[in-house]
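So you can see what is in the structure, the chains are spelled out below.
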Amino acid sequence: MNTGIVYAASISALYTAIIFLVAWYAHHRKETGRSIVSNPIVYSLSIAVYCTSWTFYGSVGKASTTGIDFLMIYLGPSLAAFSWLFLLRRIVKISKDNNITSIADFISLRYGKSIWLGALVTIIAVLGIMPYIALQIKAVSHSFFLVSGLQVDDIPLTRLGTDAKLPTGLILAIILSIFSIIFGARKLVSSDRHEGLVAAVAFESLIKLISLLGVGIFVTYFLFDGAMDIYTRFREFDPIAFERLFTFDASGSSPESIPTFTMLFLSMGAIMLLPRQFHVMVIENSDEKHISTAMWLFPAYLFLINLFVMPIALGGILTTGSNQGADFFVINLPLITGNIAIAQLAFLGGVSAAAGMVMVESVAISTMLLNHIFMPAIVRCTPRAWFPLLLINLKRFGIFLVIMMGYFYHRIVGDSYMLVNMGLISFSAAAQFMPAMLGGLYWRRGNKAGAIGGILLGFLIWFYTLLLPSFSRSGWLPADLLTEGPFGIALLKPTALFGLAGMDLWSHSLFWSMLFNISTYITCSIMLKQTDKEKEQVLKFMATFERERSYRHTEQKRLSKPVTTSQFVTLMAKFIGETEAQRAISIYADNREIDAEGAVSEFELPNLKRHTEKTLAGSVGAAAAGAIVDSFLSDMGSRMESVYDIYSTVRTSLDQSQESLFVRLKASEIINRTLDLQIIMDDLLNLLLKEFKLDAAIIQLKDESGGTTVTSYQGANRRLINEKHWYSESGPYIDMVYRDRKAHFTNDARLAGNTLTLERTLAEGIISFAHIPISREGEQALGILSVFSKSIAGLFTQEFINLLSSLCGQLAQAITIVSEMHAKDRERDHKERALLQNARVMRDMEIAQQIQISLLPDNAPEIFGVDLAGKCISAAHVGGDYYDFFLRNENTVDLMIADVSGHSVGAALIMAEVRTLLRAQVNTAHSASAILNILNSQLHDDLTRAELFISMFYAKYNSASGKLSYSNAGHNHPIIHRAGTSACIELDTEGLIIGVKTSVIFEERNIELASGDVLLLYTDGLTEAFNSEGEMFGNEKVCAHLGSVAHLPAREIIDSIFEAVIDFTGSRTFQDDISLVILKIN
Amino acid sequence: MNIKTESNRGVIVVFVKEERLDANNSEELKSELNHLFEIGTKDVIVDLKEVRFIDSSGLGVLVSGFKNASTRQGTIKLSGLQTQVKSMFELTRLHRVFDIYATVDDALENR
Amino acid sequence: MKKKIALEITIPNQTRYLGLIGKIGENMAREFDDTVCDRDVLASQLNIVLTESIVNAIKHANATDPNKEVHVRINVNDSEISIHVYDTGCGFDLNTIPSPCFDPGSLNEKGRGIYIIRSMMDSVEYRRTNGGNVLEMKKSLRHG
């Protein structure tokens, strides 16, 4: 019974449309940023692409022939799932970091981006997967016949009036190709996720699960009364077969049976290594967290899908009477029992299983074909504008090619072998990748030679022991090849290589291929060395995880000639198109410093180069991307070269090598040894010269006026630094350093370009140099350290600059400390000097005071009828007052009072001079005004020179006549208190103070004094004494007080006045000297 | 110190405009003379017309100037010595060492 | 009338006061009549002697140390002028100063001070006192 071709075809078409819609919807959702695919359930379902039509049909077939052994194929992946936590996560992380596009890309990247390895893996994948795709096509077309009732392979188109026959398999292949191209090759970027494809695959996984469960339930509960019923009946039907089927057969007693271990091993490898599995699990992974869900969800899926395999198989045998055609029990049982709907469901499940596999597989393999077979050829050509178009179409062609190859394989080989064996052939091929893959992840020494050798040998043996026999059995090759061996050499029999007979085909092939594969891989890896490129990649693979443990990558490469960002963009655009290129560079630019001209720091260039490679790798694979960028660089005249290793020994993975630590240690010794900056700088420069083989090193420091001075210059060939010295050409760089507060360096002065003149520098033989600011973190530079090398281009690595900067930081600290110390010293000296100066001034004033006091007369002369007294009270350290009396004869006494404007020694000495001058006049009969005149003319020059003035009152009193004649040179007016009156008389005459003009006319006046009259001469310290309120003592108080004490003797009057001043000011010390002279007439 | 320097017919005349030439200010005259000879001056006249007083330090400075001039084949002449100053030269016999003129003009004429 | 003038002055160890001290010396000489001696000559002699002796104290005995001081005592009476210049330094040896037979006309820039003092005063002595040294110079006055 069947549905007829039209019905079957329309069901198929409808189903295809649904899947297309699902895929389209998912794609649309992704475009609008609301992915439905990015979740752990879809991820797990997409991994279930593992279950192909082989699972769908073949499991039942295998279960009915070899029993529960079929479970091994699912037990393997379930066990392998435990390893995903570390293994798959690691692979996914590396792949995301490196824009991996396929398993071939992954393996080739690990082994130094080897083009050959990529190609080899691709070829193995194509050859190994071809039978598998063929299997799918065969399964679908066969099931289609079963469902539609046709008994031939081709659909006759007689109804359309032609003899042509339409091959069903071909139609299927074309439909799948279109589907795959639409959802798998929309864009060139293969490292991007294909959400439409994933959605379709996940949906199909769901359908095939439902379908198989449906058939199982139908068989178990509708045809029979549950599983127990089937088992019971089967035991009755064929007890021997029952025993056999329910026993794990480890011995491999029949050629068809496969030992448990072999099955486990192959399936464990296949779940990760089949190109489509790698694709869905790694490339299509959107979130590492999904892996942990898939770890239990995927095995659960496998459990469910296999739940009814045994009941269906046994039910099939019971129903049909034998295990003939057991591969299609799933579809046949409903058909035989007349349940078309169930058969349709089963058919759709089968189609789903096959389509999902073919689509993913073809996309994965076409990517590999493009990147590892086509690209290496294309890369040799000059990139053209139409390259992106060519590449995408090549990729589409690849998909078509892969599916078609599968189709033709199916047409040629298809019928000769059991379905399940075709799958295993693929599994065995994929298993060849395992050593290189696992070794690459966990064994640092694994190298390219080992990987290529191992895979190649493993593949050859796989081909010889597995593929050849499969050809042979389909009659393509003479059968005696299997029985007699090639050229009759029994040792080389493909099924019993080197005489190893008695093993099943699979175990035999697996044994030899793995033996050769693994041993070659290990031997070559141990014997041969890794190239630099490989080492770099190893570091990347290992570093992906070690980086999280505070690993810092040290740049060991530099570009010999700088390349700009835009040049990289142009390059990328040639392969992936302008839009993608711009997008890639904007991702790169996001958190990096790029200036307006698109120039990046020299240290960034290797990163930019890697980013370009990574971006290109996402489309053309790592190996081709590397080749593209390398050829581009060589066209530019640039290349990657090893940075000069400033440290002679092998660096550790720590960011500080031993040498770096040593230099830092030495530097801090130098800095801490002395406070002499010159020694520090000289020693530091010599340390740098010695340790890093530099040729010249210069330190210039800013001075206080803002200019700069070269303070230390070390190295051979030193010359006076003037504007003709080559160092002066560094001026623009140094200005930049001061401005930017960061190091500027040129790793190859010969390529520095025309903007800055370096003629003399180059003539000196200098090829690389660096200028580093001497500054503390975040502060203005105190100066610049400049270092020059004549021998090494590329000397200045990030690491070296960091070291130099750190030394400069230490130096800046030292400079700051020393200059602060000098400033303190200076301040202290200044203070000391000021104190000393002050002390000297005080001393001078004391001396002046001493002189003054020594000048004052000890006792007033005694003269009849006159009571004379004088007293001076000095203020602290002040001296300038002077009074004196001279007895001229028995009746005449001269009295004077004076005040010199300064309080210095000079002033005091001038007073001494006054005194000597006055003494010299004692014998003369000069009048008061004449004496003032003499003093003025004698003292004028000295006073002018010393910038001093003297105010003086001079009086002569004749006790006989009672006449007082007096003259005043600008002094305070003395006052007379007449006995019996209260008012005071002020004595005033015209006259300028002494020392202003050479000739002055001093007026002279006379006044008669009577008994009881009191004359007071005073200095301004008396009247200008002030109290705490700022009030002056003043003339009135003086006069009033004088009146109140006029009756006392002269000495007591003076004391009383002083008391009054002390009372008034509230202090016993005065602000200024106060001198008082009293002449009282008795 | 108040010193005025004039150039007259190839001869530098240094007028010491101080009343005293003593230990307090003679160093300034010394450095002025040193400077003059250093810049290549050959013949110098020091006019002491205003100097009323000279002490041994002042004399010493003039002697130093004389020796300085001699080693450079130059001359140093003095003019305008007041009585007291002249007596100091005589006391120390230095009037025999220096060419002493009454006025600057006299000194200039006797070249 | 019998004259007796005494003046005691302490000055800092600086040459800037030489002029004033000299002036004081000159003024003191003018206390005398011309009958006793030539006042003007005496004045200039006192000026020069005070100047030279104080310079000597400042520069040689006190070694130009600005923290030291010089004390001067001048006594004048009808028959004698005596000048005492006290220094607080380590002093000097009067005998290392060129002897009276030294040729004053030689071109030595230094060493005339003491010669000048000696030529103007009757006696010159230099001796240690408490806390320093004193240069004692005396000149007797002719009585007319």
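For clarity, every value in this text was computed on a predicted model and none was experimentally measured. (Residues numbered from 1 in each chain as written. Chains lettered and ligands numbered in written order. Predicted model: local features only at pLDDT ≥ 70, side-chain atom pairs only at ≥ 80, totals over all residues.)

## Quick look at the overall build of chain C
And then number 1: Summing up its helical and strand segments, chain C has three helices and five strands in all.
And then number 2: When the elements of chain C are put in sequence order from the N terminus, they spell out β-α-α-β-β-α-β-β.
And then number 3: Going through the 144 residues of chain C one by one, you find that 45% of them count as buried.
And then number 4: At a minimum sequence separation of 6, the contacts of chain C that also span at least 24 residues come to 64%. (Helix = DSSP H or I, 4+ residues; strand = E, 2+ residues; numbered from the N terminus. Buried ≥ 20, exposed ≤ 12 C-beta atoms within 10 Å, placed from the backbone. Contact = placed C-beta atoms within 7 Å.)

## Quick look at the sheet that holds strand β16 (residues 984-986) of chain A
Residue and element names in this part refer to chain A.
And then number 1: Reading across from one edge, β10-β19-β18-β15-β16 is the order of the five strands in this open sheet, with antiparallel pairing throughout. The open sheet has two edge strands with one neighbour each: β10 (866-873) and β16. Each strand axis lies, on average, 20 degrees off the axis of its neighbour in the sheet, ignoring direction.
And then number 2: Where strand β18 (residues 1014-1018) meets strand β19 (residues 1074-1081), five bridges bridge the pair, whose relative direction is antiparallel. For leucine 1016, the partnering residue across the bridge sits in β19 and is isoleucine 1078.
And then number 3: Along the sheet, helix α37 (residues 1034-1045) makes contact with β15 (975-977), β16 and β18, crossing β15 at roughly 35 degrees. (Pairing = 2+ DSSP bridges. Axes fitted to C-alpha atoms, helices over the stretch in contact; angles between N-to-C directions.)

## Focus on the packing of helix α9 (residues 195-223) of chain A against helix α16 (residues 329-336) of chain A
Residues and elements named next belong to chain A.
And then number 1: Running from amino to carboxyl end, α9 crosses α16 at an angle of 45 degrees, the nearest separation of the two axes being 10 Å. Our classification of the angle between α9 and α16 gives oblique. In the crossing of α9 with α16, the sense of the turn from one axis to the other is left-handed. On the side of α9, the interface is formed by Leu212, Val215, Phe218, Val219 and Leu223, while α16 contributes Val330, Leu333 and Pro334.
And then number 2: Residues belonging to the contact of α9 with α16 are distributed by class as follows: eight nonpolar, no polar and no charged. (Parallel < 35°, antiparallel > 145°, perpendicular 65-115°, else oblique. Left-handed = near helix turned anticlockwise from the far one by under 90°. Nonpolar A, V, L, I, M, F, W, Y, C, P; charged D, E, K, R; others polar.)

## What to know about the interface of chain C and chain B
And then number 1: Contact residues are listed per partner, giving 21 residues for chain C and 21 residues for chain B.
And then number 2: Listed by contribution, the elements that provide at least two residues to the side of chain C that touches chain B are α1 (18-29), α2 (39-61) and α3 (113-120) of chain C.
And then number 3: Per-element accounting of the side of chain C that touches chain B gives the leading share, seven residues, to α2(C).
And then number 4: Looking at side-chain class alone, the side of chain C that touches chain B contains six nonpolar, nine polar and six charged residues.

## Examining helix α3 (residues 83-91) of chain B
Residues and elements named next belong to chain B.
And then number 1: Restricting attention to buried positions, one finds in α3 the residues Val85, Met88 and Phe89. Taken down its axis, α3 places every buried residue within 100 degrees of arc, on the same side.
And then number 2: If you follow the buried residues of α3, they end up packed against β5 (53-54) and α2 (56-71).
And then number 3: Two residues or fewer past α3, arginine 93 is found with a positive phi of approximately 65 degrees. (Arc of directions from axis to C-beta.)

## What to know about the sheet that holds strand β6 (residues 75-79) of chain B
All names here are of chain B.
And then number 1: In spatial order, the strands read β1-β2-β4-β6-β7; together these five strands make up an open sheet with mixed pairing. At either margin of the open sheet sits one strand with a lone partner, and together these are β1 (3-8) and β7 (99-101). Strand-to-strand twist across the sheet, computed as the mean angle between neighbouring axes with direction ignored, equals 25 degrees.
And then number 2: Summarising the sheet, β1 and strand β2 (residues 11-16) pair through six bridges and their orientation is antiparallel. The residue bridging lysine 4 from the neighbouring strand is phenylalanine 15, located in β2.

## Observations concerning the interface of chain A and chain C
And then number 1: Counting residues at the interface gives 18 residues for chain A and 18 residues for chain C.
And then number 2: Looking at the side of chain A that touches chain C, the elements with two or more residues in it are α33 (798-855) and α34 (905-921) of chain A.
And then number 3: Split into classes, the residues belonging to the side of chain A that touches chain C amount to eight nonpolar, four polar and six charged.

## What to know about the packing of α9(A) against helix α15 (residues 309-320) of chain A
All names here are of chain A.
And then number 1: For the pair α9 and α15, the least separation of the axes is 9 Å and the interaxial angle reads 50 degrees. Classified by the angle their axes make, α9 and α15 are oblique. Crossing angle aside, the handedness with which α9 passes α15 is left-handed. Residues Val215, Gly216, Val219, Thr220 and Leu223 of α9 pack against Pro311, Ile312, Gly315 and Thr319 of α15.
And then number 2: Taken together, the residues that form the contact of α9 with α15 break down as five nonpolar, four polar and no charged.

## Focus on the pairing of strand β11 (residues 881-887) of chain A
Residue and element names in this part refer to chain A.
And then number 1: With seven bridges connecting them, β11 and strand β12 (residues 892-900) associate as antiparallel partners. By the bridge assignment for β12, aspartate 884 is matched with methionine 896.
And then number 2: Here β11 hands over to β12 after four residues, the two strands then running antiparallel side by side.

## Concerning unusual backbone geometry
And then number 1: For A:Arg741, which is not glycine, the phi dihedral falls at a positive 55 degrees.
And then number 2: On the secondary structure map, A:Arg741 appears in the loop between α31 (731-740) and β7 (744-746).
And then number 3: The backbone phi angle of B:Gln73 is positive, close to 55 degrees, even though this residue is not glycine.
And then number 4: Topologically, B:Gln73 is positioned in the loop between α2 and β6.
And then number 5: Owing to 8 C-beta atoms within 10 Å, B:Gln73 belongs among the exposed residues under this scheme.

## Some remarks on helix α25 (residues 565-576) of chain A
And then number 1: The end-to-end C-alpha distance of α25(A), which contains 12 residues, comes to 16 Å, matching closely the 16 Å that a straight helix rising 1.5 Å per residue would cover.
And then number 2: Just beyond α25(A), the residue with positive phi is A:Gly577, at close to 90 degrees. (Expected span 1.5 Å × (residues − 1).)

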